[in-house]
Amino acid sequence: MSINRAEKICWKKCWILNYVLAFLLFTIWCFSMMWRWHPVVVYACKEQRSDVLILSPWLAPIVWNGTYNSVILNAQFHQRNVRVGITVFATKKYTIFVQNFIDTAEKYFMVGHKVTYYVFTDRVSDIPAIDLREGRHLVVLQVPTYQRWQDVSMRRMEMIRHTSQERFINEVDYLVCVDVDMIFSDEIGVEILSNLVGTLHPGMFSVPRESCTYERNPQSEAYIPTDDGDFYYAGGFFGGTIEEIYKLTNFCHNAMMADQAKNIEAIWHDESYLNKYLLYHKPTKILSPEYLWDDDFGRPDYLKRRRFLAVRKNHYQIRNRR
Ligand code: 5GW
Ligand code: MN
């Protein structure tokens, strides 16, 4: 009888002990999971933005400072050994911008990744030899001189389309196509890479769509009705995979040629055709104006970084004299 009672107490104790043990193990497991995820979650959410739109209605991320983690993204893109091409046009006097553009890009653009600069110019001998970091190359490509500046700007589409088939497809995975009268003044990395990428125009940010400077002439191939349009994209910064860039530049060039045959030209030249394309072929990623800023637009609160800045130029000197 007494032995039986002793056994019962022992079993009771064992059950309590088991519960305590299970609870302890569960707590340890919880802590280990927290430890595992803690740094990432906290770091990624450190500066979550609530002051700006960070997701488009079709669920494309809008890239702002504080919305991504470069450590994670760099690891992802290194794993894929991604090669990035950057195209820039410098004809006539615009060759003077090349040195500063590349010098600052060496400091800030895709640091640690494989980069090829493609400089299109009509003055090959004016392009300086520039020291580049390891894994980075400069390719200078000869292009014709166009007299009208509108043609200089618009013909970029045709030349990018042509070179996509000829070279880019064999040499790089992503292409970034930008203006040359710019400098890099903060980091621009793989957070900008995606299938099709447009950049919000710094001057048209937060403007209602009916006030955006889309082409409003129904005769033009770039026509966008006043009750349509979402974002207004800048002509000076777009990107994507070579296939997507081919499709984009092919559309823009063909649309320009169709308009030319009708003797019309869209209000903002290549930018108008780009906006038409991106309205009906939605970008998979959108860059905030951090990626294309001009100090003429001031220093609004939402702008935490100025990564790619327009160089102030003397319009008369740079454009009108030889
Ligand atoms: C552009 C306007 C007037 C006269 C000349 C040009 C011009 C532009 C040029 O002579 N050479 C040249 O290479 N370009 C290319 O077109 C540059 O890559 C330049 O960044 C781009 C767009 O022209 P921008 O930068 O003058 O236009 P905004 O709208 O940025 O001022
Ligand atoms: Mn420019």
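To be clear, the structure that these remarks concern was listed above.
Residues numbered from 1 in each chain as written. Chains lettered and ligands numbered in written order. Predicted model: local features only at pLDDT ≥ 70, side-chain atom pairs only at ≥ 80, totals over all residues. Heavy atoms only, no water.

**Quick notes on the site of ligand 1**
Every residue close to ligand 1 is listed here: Phe89, Ala90, Thr91, Tyr94, Trp149, Val152, Arg156, Asp179, Val180, Asp181, Lys313 and Arg319. Take phenylalanine 89: an N or O atom from its main chain is 2.5 Å from an oxygen atom of ligand 1. The contact in question runs from an oxygen atom of ligand 1 to an N or O atom on the side chain of lysine 313, over 3.1 Å. Protein contacts shield 82% of the accessible area of ligand 1, which totals 580 Å² for the unbound molecule. Grouping the constituent residues of the shell around ligand 1 by class yields six nonpolar, one polar and five charged. (Near = heavy atom within 4 Å. Polar contact = N/O pair within 3.5 Å; in protein donor to acceptor, adjacent residues only side chain to side chain. Areas by Shrake-Rupley, 256 points an atom, 1.4 Å probe, with all protein chains shown as cover. Nonpolar A, V, L, I, M, F, W, Y, C, P; charged D, E, K, R; others polar.)

**Some words on the pairing of strand E7 (residues 196-200)**
In terms of burial, E7 is a largely internal element, five of the five residues being buried. The side-chain alternation of E7 yields two buried faces, one formed by Leu196, Gly198 and Leu200 and the other by Val197 and Thr199. Note that E7 and strand E8 (residues 233-241) share four bridges and pair antiparallel. By the bridge assignment, leucine 200 is partnered in E8 with tyrosine 233. The pairing of E7 with strand E9 (residues 285-287) spans three bridges and is classified as parallel. (Buried < 20%, exposed > 50% of the residue type's maximum accessible area, 1.4 Å probe, protein only. Helix = DSSP H or I, 4+ residues; strand = E, 2+ residues; numbered from the N terminus. Pairing = 2+ DSSP bridges.)

**Some points on the pattern of salt bridges**
Going through the model one piece at a time under the given rule, you end up with 22 salt bridges. Lysine 313 serves as the salt-bridge partner of aspartate 181, at 2.3 Å between the closest nitrogen and oxygen. With aspartate 181 in the loop between strand E5 (174-178) and strand E6 (182-184) and lysine 313 in the loop between strand E10 (308-310) and helix H7 (315-320), this residue pair connects regions lying 132 residues apart in the sequence. Each member of the pair aspartate 181 and lysine 313 is classed as buried. When salt bridges that share partners are traced, they join Arg148, Asp151 and Glu265 into one network. (Salt bridge = Lys/Arg side-chain N within 4 Å of Asp/Glu carboxyl O.)

**Re the nonpolar core**
Counting 40 residues, the largest nonpolar core has Phe101, Phe109, Ile192, Leu193 and Phe237 as its most contacted members. With 35 residues, the next largest nonpolar core counts Phe120, Met157, Leu248 and Ala266 among its residues. (Core = buried A, V, L, I, M, F, W, Y, C linked by side-chain atoms within 4.5 Å.)

**Notes on helix H2 (residues 70-79)**
Where H2 begins, one side-chain oxygen reaches toward the backbone nitrogen of valine 71, 2.8 Å away; that side chain belongs to asparagine 69. One or two positions beyond H2, positive phi appears at asparagine 81, with a value near 55°.

**Overview of the packing of aromatic side chains**
Throughout the structure, instances matching the rule amount to 17 aromatic pairs. Between phenylalanine 205 and tyrosine 302, the aromatic rings sit 4.7 Å apart at their centres with planes inclined by 50°, giving tilted as the arrangement. You can see phenylalanine 205 sitting in the loop between E7 and E8 and its partner tyrosine 302 sitting in the loop between E9 and E10, a full 97 residues away along the chain. Using a relative accessible area of 21% as the deciding quantity, one classes phenylalanine 205 as partly exposed. By way of ring pairs, the aromatic residues Phe101, Phe109, Phe184, Phe237 and Phe308 are connected into one cluster. In this arrangement the basic side chain of lysine 282 is found over the ring face of tryptophan 58, its NZ or CZ atom lying 4.7 Å from the centre. (Phe/Tyr/Trp six-rings, centres within 6.5 Å; stacked < 30°, edge-to-face > 60°. Lys NZ or Arg CZ within 6 Å of the ring centre and 35° of its normal.)

**Topic: the packing of helix H4 (residues 149-171) against helix H6 (residues 270-280)**
For any two helices packed against each other, the geometry comes down to the angle between their axes and how far apart the axes lie. At a minimum axis distance of 9 Å, the contact between H4 and H6 shows a crossing angle of 40°. Here H6 runs oblique to H4, going by the angle between their axes. Across from Ser153, Met154, Arg156 and Met157 in H4, the residues of H6 making contact are Asp270, Tyr273 and Leu274. Of the residues assigned to the contact of H4 with H6, the class counts are four nonpolar, one polar and two charged. (Axes fitted to C-alpha atoms, helices over the stretch in contact; angles between N-to-C directions. Parallel < 35°, antiparallel > 145°, perpendicular 65-115°, else oblique. Contact = heavy atoms within 4.5 Å.)

**Details of the coordination of the manganese ion (ligand 2)**
Only Asp179 (OD), Asp181 (OD) and Asp181 (OD) from the protein coordinate the manganese ion (ligand 2), and they sit 2.1 to 2.5 Å from it. Looking at aspartate 179, the relative accessible area reads 22%, which means it is partly exposed. (Donors = N, O, S within 2.8 Å, 3.2 Å for Na, K, Ca; no water.)

**With respect to unusual backbone geometry**
Of note, methionine 110 is a non-glycine position whose phi angle comes to about 55°, a positive value. Relative to the assigned elements, methionine 110 resides in the loop between helix H3 (98-108) and strand E3 (114-121). The exposure class assigned to methionine 110 is buried, which follows from its relative accessible area of 0%. A positive phi is found at histidine 269, a non-glycine position, where the angle reads about 55°. The topology assignment puts histidine 269 in the loop between helix H5 (242-261) and H6.

**Focus on the sheet that holds E7**
Ordered by their spatial adjacency, eight strands build an open sheet running E1-E9-E7-E8-E5-E2-E3-E4, and the pairing between neighbours is mixed. For this open sheet the edge positions go to strand E1 (62-63) and strand E4 (136-142), each flanked by a neighbour on one side alone. Where H4 meets the sheet, it contacts strand E2 (83-89), E3, E4, E5 and E8, and its direction lies at approximately 155° from that of E2. Relative to the sheet, H6 contacts E7 and E8, its axis offset from that of E8 by approximately 50°.

Function cannot be read off these values alone, since they describe shape.
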